[in-house]
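Chain by chain, the residues run as shown.
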Amino acid sequence: MTAPARVPAGAIRRRHRRRVDPLLLVFLAPAAVIYLWFVLWPTVQAVHYSLTDWDGISAGYTNVGLDNYTNLLTNDSVFAKAVGNSFKFMLTVVIGQTVLSLLLALMLVRNSRTSVALRALFFFPTILSSVSVAFIWTFIYDPTFGLANRLLAGVGLQSLQQPWLGDQQLAIYYLAIAQIWFHTGQMMVVFIAGLQQIPEELYDAAAIDGAGRWQQFSQVTFPLVRPATMIVVAYTTIQSFKAFDLIIASTGGGPNYATEILSTLIYTSAFRNFEMGYAAAQSVIFVVLIAVITVLQRRAVALASGGGDR
Amino acid sequence: MSVGETVPGRRRRRDLTELPRWIVLAIYAVLIVVPLAVVVFTALKTTTQMYADPFGLPTDPTMSNFTELLGGDRLGRSLANSAIVTVVSVSATLLLTSLASFAIVRLGGRAGTVIYVLFALGLAVPAQVAMIPQYVIFRQLGLTNSLLGLILINIAVTCSVAIFILTGFFQTLPKELFEAAEVDGASNWHIFWQIALPISAPSVAAVAIFLFVMHWNDLLYPLLFITDPEKATLPKALLDFKGEYSTNYPMLFAGVIIASIPMVVAYVFLQRWFVAGMTAGSLKG
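Along each chain, residues carry numbers from 1 onward, in the same order as the chain's sequence is written. Here the convention is simple: chains get letters from A, ligands get numbers from 1, in the order in which they are written. The predicted origin of the model limits local features to residues at a pLDDT of at least 70 and limits the giving and counting of side-chain atom pairs to 80 or more, whereas totals for whole chains, interfaces and linings rest on all residues. No hydrogens and no water enter the side-chain calculation; it runs on all heavy atoms of the structure.

K.L.:
Explanation requested: the overall build of chain B in the structure shown.
P.N.:
A tally of helices and strands in chain B yields 14 helices and zero strands. For helices the rule is a DSSP run of H or I covering at least 4 residues; for strands it is a run of E covering at least 2, with both sets numbered from the N terminus onward. If you list the helices and strands of chain B from N to C, you get α-α-α-α-α-α-α-α-α-α-α-α-α-α. In summary, chain B has a C-alpha radius of gyration of 25 Å against a globular reference of 19 Å for 285 residues, an excess of more than 25%. In terms of overall dimensions, chain B has C-alpha extents of about 80 × 75 × 35 Å along its principal axes. Contacts are assigned to residue pairs that have any heavy atoms within 4.5 Å of one another. A sequence separation of at least 24 residues applies to 70% of the contacts in chain B between residues at least 6 apart. Approximately 12200 Å² of chain B is accessible, and the part contributed by carbon and sulfur atoms is 67%. The average position of the 18 basic charges and that of the 16 acidic charges among the side chains of chain B differ by 9 Å. Here the radius of gyration uses the C-alpha set of atoms, whereas the globule reference equals 2.2 Å times the residue count to the power 0.38. We get accessible surface area from the Shrake-Rupley algorithm with a probe of 1.4 Å; when it comes to residues, only the shown protein chains can shield them. Here the positive residues are Lys and Arg and the negative ones are Asp and Glu; neither His nor the chain ends is included. Charged side chains are reduced to one point each, which is NZ for Lys, CZ for Arg, CG for Asp and CD for Glu.

See the structure below:
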């Protein structure tokens, strides 16, 4: 279960050098064929389509070189808006979800009966479908009979009532809240697993050295939970950047592109507006952005840990 | 001060003080429970009742939303579609990827690494990139509006993550185990079924649950490939409903409940496995 067992010496295996058993290739073939045909090859083709003006329906199309890319990057305000929204949504979810799931994990790390029950409850939304979560939150945000406005009225704050998902400035953040509600429990479990690996003795030692609660957290817990934090931040970043179902099923990207993010825009361009070539170019930029985010994230983590222990 | 000496309050110092802790936990519990309770209560009301009192308990609970959805063959059909697609996709993916992972580990060396990296590439490809050419390929092959098409695409897109997790597991198994069996004259076929697969049952189960949740809840591929309501899976049928009933929340929520019941039942009985599966998926995905 732990470290892979080291084979002491390669001598024995060397001498009986195995010939490749053809049966192993038979084992590989079905998965490889399906994967290459329906994932890898389409990915390569996406790059090809991105250089064309294909509408997705006609038989023919012309090669337009990098026109799609220059259009996207220089004069497409909807695309710019979707990129902006993608980052707003991602940053809100990453910060909110990471902080909240760490906080809950710290509170539930002890194995009491209540802790176990609350963990199960908090994890629960994760098993719902995005469509279900989208319906729940559009109901909460409904301007006329929604839970949010009713609640505000109930505590005498009618002045704060609003058409939540109709707000062009803030709707994307309200959807981010729904996403946080959806997946915080899943990330909490990752943190709990990380926290449970910190040996109790370290806290005892810190306490003997006179460390207060905050010092124990900043000197012991936080550095040691860093691997879990890296996992949570990395996963949440990509998960929220790629969010699709939740937005399609709640607002469809509206109103007026207020909640349009890259993944939904690609879908709309390709399958609603029939601009396959243009959508393919958007999707290539989407991959590039994800790659850049991943690299930057690695850099940031390396910087934050000061090239120290990890 | 000797180590054995009692330091006042040194135990459990990492816990936050109790009162704020309980307040935060209670608030979060309310934030989870209330929306879920509202879903159940609303599903038991008629539209009129909902408009009159959106958040009250259902005074005169009715099952009419459920019977209408299931009886009208609307959701009944998609329930069956979802079950077929999910069960076949999960079983086929598990079979194909555990065979492939076993082969990758058994091949080892440069060939094993190259094949592994090729599959791992899929982890970096977002669905939205491949979906346009996938749609074209599916149309050419006549796989749109077909459950088989959904099953194929499900297998294809989850190959990478499943192989990633399973090779990771097979690699931790001592090589001597396989070699000893080989010396005894067992073929790879037997080694796979009688040694590798039984030992890796926990990992396979974790992957199975991850795939199960993912396929049952998937919206993207049914949205892309299915236009015929007869072939819709539950999430797609629910979304079509929303277009149709727009603010008939009692009906929508009855649909949400029907779509969630299999997951909820499985979660209640297999909770530990669920958490293991979903975190394995999140860590490796």
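K.L.:
Any chance you could explain the overall build of chain A here in plain terms?
P.N.:
Helix and strand counts for chain A come out as 14 helices and zero strands. Along chain A, helices (α) and strands (β) appear in the sequence α-α-α-α-α-α-α-α-α-α-α-α-α-α when read from the amino end. The globule rule puts the C-alpha radius of gyration for 310 residues at 19 Å, and the 25 Å found for chain A is more than 25% above it. Each principal axis of the C-alpha distribution contributes one length, and for chain A these read about 80 × 70 × 35 Å. Taken across its 310 residues, chain A has 50% of its residues classed as buried. The long-range share in chain A, meaning contacts at least 24 apart out of those at least 6 apart in sequence, stands at 68%. Entry remark: accessible area of chain A is about 14700 Å², with carbon and sulfur atoms responsible for 64%. A distance of 15 Å separates the average location of the 20 positive side-chain charges in chain A from that of its 15 negative side-chain charges. Relative accessible area decides the class of each residue, using a 1.4 Å probe on protein chains only: under 20% of the type maximum gives buried, over 50% gives exposed, and in between gives partly exposed.

K.L.:
Can you help me understand the interface of chain B and chain A in this one?
P.N.:
Interfaces are often described in size by the accessible area the parts lose on coming together. Facing the 98 residues of chain B at the interface are 98 residues of chain A. The quantity reported as buried area is the accessible area (1.4 Å probe) lost by two parts once they are put together, taken as the sum for both. Taking both sides of the interface into account, the surface hidden between chain B and chain A amounts to around 9200 Å²; carbon and sulfur atoms contribute 75%. Salt bridge, as used here, is a side-chain nitrogen of Lys or Arg placed within 4 Å of a carboxyl oxygen of Asp or Glu. Applying the counting criterion to the chain B and chain A interface returns zero salt bridges. Pairs of N or O atoms are called polar contacts if they sit within 3.5 Å, as long as, within protein, a hydrogen donor faces a hydrogen acceptor (for residues adjacent in sequence, only side-chain-to-side-chain pairs). On inspection of chain B and its partner chain A, the count reaches 13 residue pairs in polar contact (both at pLDDT 80 or more). Top element by residues in the side of chain B that touches chain A is helix 1 (residues 18-43) of chain B. It accounts for 16 residues. When the residues that make up the side of chain B that touches chain A are grouped by side-chain class, the tally is 71 nonpolar, 13 polar and 14 charged. In this classification, the charged set is Asp, Glu, Lys and Arg, the nonpolar set is Ala, Val, Leu, Ile, Met, Phe, Trp, Tyr, Cys and Pro, and all remaining amino acids, among them Gly, are polar.

K.L.:
Would you mind showing me how to read the packing of aromatic side chains here?
P.N.:
Each aromatic ring pair is specified by the distance between its two centres and by the angle formed by the two planes. We call Phe, Tyr and Trp rings a pair once their centres come within 6.5 Å, taking the six-membered ring for Trp, and we label the pair stacked below 30 degrees between planes, edge-to-face above 60, and tilted otherwise. Applying the stated criterion to the full structure yields 35 aromatic pairs over all chains. Taking 5.1 Å as the distance between ring centres and 85° as the angle between the ring planes, the aromatic pair formed by Phe139 of chain A and Phe253 of chain B counts as edge-to-face. Note that Phe139 of chain A is positioned in helix 6 (residues 130-141) and Phe253 of chain B in helix 13 (residues 249-269), a pairing that runs across two chains. Considering the side-chain rings of Tyr267 of chain A and Phe271 of chain A, the 5.7 Å spacing of their centres and the 35° angle between planes classify their relative orientation as tilted. Here Phe271 of chain A and Tyr267 of chain A lie together in helix 13 (residues 262-271), a separation of four residues that amounts to about one turn. Summarising the burial analysis for this pair, Tyr267 of chain A and Phe271 of chain A share the class buried.

K.L.:
Looking at this model, I keep getting lost on the UniProt feature "domain: ABC transmembrane type-1" (unreviewed entry) in chain B. Mind explaining?
P.N.:
The UniProt feature table records "domain: ABC transmembrane type-1" (unreviewed entry) at residues 79-270 of chain B. End-to-end, the C-alpha atoms of residues 79-270 of chain B are 21 Å apart, and along that stretch the chain is 83% helix and 0% strand. UniProt positions are given in the numbering used here, feature names are shortened, and annotations may be inferred rather than shown by experiment.

K.L.:
Help me understand the UniProt feature "transmembrane region" (unreviewed entry) in chain A, please; the structure alone is not making it clear to me.
P.N.:
Residue and element names in this part refer to chain A. Residues given the UniProt feature "transmembrane region" (unreviewed entry) here are residues 23-44, 89-109, 121-141, 171-195 and 276-296. Between the first and last C-alpha atoms of residues 23-44 the distance is 30 Å; the span itself is 100% helix and 0% strand. Between the first and last C-alpha atoms of residues 276-296 the distance is 30 Å; the span itself is 100% helix and 0% strand.

K.L.:
Hey, could you run me through the UniProt feature "domain: ABC transmembrane type-1" (unreviewed entry) in chain A in this one?
P.N.:
Taking the UniProt record as the reference, the feature "domain: ABC transmembrane type-1" (unreviewed entry) is found at residues 83-297 of chain A. Taken end to end, residues 83-297 of chain A is 73% helix and 0% strand, and its two terminal C-alpha atoms sit 18 Å from one another.

K.L.:
It is not clear to me how the packing of helix 4 (residues 74-107) of chain B against helix 9 (residues 188-199) of chain B should be interpreted in this structure. Could you clarify?
P.N.:
The description of two helices packed together rests on the angle between their axes and the distance between the axes. Residues and elements named next belong to chain B. Here an axis means a line fitted to C-alpha atoms, over the contact stretch when the element is a helix, while the angle between two N-to-C directions is reported on a 0 to 180 degree scale. Helix 9 packs onto helix 4 with a crossing angle of 105° between their chain directions and a minimal axis gap of 11 Å. As far as their axial angle goes, helix 9 and helix 4 are roughly perpendicular. Along the contact surface, helix 4 presents Leu95, Ser98, Leu99, Phe102 and Arg106, while helix 9 presents Asn188, Ile191, Phe192, Trp193, Ala196 and Leu197. For the contact of helix 4 with helix 9, the residue count by class is eight nonpolar, two polar and one charged. Should an angle fall under 35 degrees it is called roughly parallel, over 145 degrees roughly antiparallel, and 65 to 115 degrees roughly perpendicular, with every other angle called oblique.

K.L.:
I would appreciate a short explanation of the pattern of salt bridges in the present structure.
P.N.:
Two side chains that carry opposite charge are able to pair once their charged atoms sit near each other. All names here are of chain B. Within this structure, the stated rule accounts for two salt bridges over all chains. Notably, a salt bridge pairs Arg106 with Glu182, separated by 2.9 Å at the nearest N-O pair. With a gap of 76 residues between them, Arg106 in helix 4 and Glu182 in helix 8 (residues 175-183) connect regions that are remote in the sequence. On the basis of relative accessibility, which here comes to 31%, the residue Glu182 falls in the partly exposed class. Close ionic contact of Asp240 with Lys236 constitutes a salt bridge, the shortest N to O distance being 3.4 Å. In this pair, Asp240 and Lys236 both sit in helix 12 (residues 234-245), four residues apart, roughly one turn of the helix. Since its relative accessible area comes to 9%, Lys236 is described here as buried.

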